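Architecture at a glance
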Amino acid sequence: MITRSNERATLFSRMIETLGVDIVPAAAANETAVGSAIRGCLACAASAECRRFLDRRSAGAAGKAPAFCPNRDLMRSMPRQT
């Protein structure tokens, strides 16, 4: 379980970096939504697809989360780094 949690935490971190999400103001504005996103990532069944998506992109390169991502809409609403 710890290994899976660590893997998903890494994927979540990579996704917000790839999307250019500024997580600090996002969490300050809506801590509940960020917690929900983290739990969504932990429960996601598409970790292999997520890893492939992230491996093909560099930080800030993706405009939006992929269709398979359970956090797609939430990520879209989060502030971006400038």
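The rules behind these values
Residues numbered from 1 in each chain as written. Predicted model: local features only at pLDDT ≥ 70, side-chain atom pairs only at ≥ 80, totals over all residues. Heavy atoms only, no water. Helix = DSSP H or I, 4+ residues; strand = E, 2+ residues; numbered from the N terminus. Rg over C-alpha atoms; globule rule 2.2 N^0.38 Å. Buried < 20%, exposed > 50% of the residue type's maximum accessible area, 1.4 Å probe, protein only. Contact = heavy atoms within 4.5 Å. Areas by Shrake-Rupley, 256 points an atom, 1.4 Å probe, with all protein chains shown as cover. Lys, Arg positive; Asp, Glu negative; His and termini not counted. Charge placed at Lys NZ, Arg CZ, Asp CG, Glu CD. pLDDT = per-residue confidence, 0-100. Axes fitted to C-alpha atoms, helices over the stretch in contact; angles between N-to-C directions. Left-handed = near helix turned anticlockwise from the far one by under 90°. Nonpolar A, V, L, I, M, F, W, Y, C, P; charged D, E, K, R; others polar. Expected span 1.5 Å × (residues − 1).

What follows covers the overall build of the protein chain. Along the protein chain, the regular secondary structure elements total five helices and zero strands. Reading the protein chain from its N terminus to its C terminus gives the helix and strand order α-α-α-α-α. Its C-alpha radius of gyration of 12 Å places the protein chain within 12% of the 12 Å reference for a compact globule of 82 residues. A principal-axis box enclosing the C-alpha atoms of the protein chain has dimensions of 30 × 25 × 20 Å. Within the span of the protein chain, comprising 82 residues, buried residues form 35% of the whole. In the protein chain, the share of contacts with a sequence separation of at least 24, taken over all contacts with a separation of at least 6, comes to 79%. Of the roughly 5,000 Å² that the protein chain leaves accessible, carbon and sulfur atoms contribute 54%. Both charge centroids of the protein chain, one from 12 positive and one from 7 negative side chains, sit 6 Å from each other.

So, on to the confidence of the model for the protein chain. Taken over all residues, the pLDDT of the protein chain has a mean of 87, while the share at 70 or more is 94%. Mean pLDDT values for the elements of the protein chain range from 84 in helix α2 (residues 23-29) up to 94 in helix α4 (residues 47-55).

Before going further, it helps to examine the packing of helix α1 (residues 2-19) against α4. Remark: α1 packs on α4, axes separated minimally by 10 Å, with the N-to-C direction vectors making an angle of 40°. Read as a crossing pair, α1 and α4 show a hand that is left-handed. Contacts between α1 and α4 involve Glu7, Arg8, Leu11, Arg14, Met15 and Thr18 from the first element and Ser47, Cys50, Arg51, Phe53, Leu54 and Asp55 from the second. Residues of the contact of α1 with α4, tallied by class, amount to five nonpolar, two polar and five charged.

Its 18 residues place the ends of α1 26 Å apart at the C-alpha level, agreeing with the 26 Å of an ideal helix rising 1.5 Å per residue. Structurally, α1 contributes buried residues whose contacts are with α2, α3 (31-43), α4 and α5 (72-77). Gly20, located one to two residues past α1, shows a positive phi value of around 75°.

The next thing to look at is the environment of Arg8. Mapped onto the fold, Arg8 is located in helix α1. Taking C-alpha positions, Arg8 is 8.7 Å from Ala43, a pair spaced 35 residues apart along the chain. Contacts of Arg8, omitting those with residues within four sequence positions, involve Cys41, Leu42, Ala43, Cys44 and Ser47.

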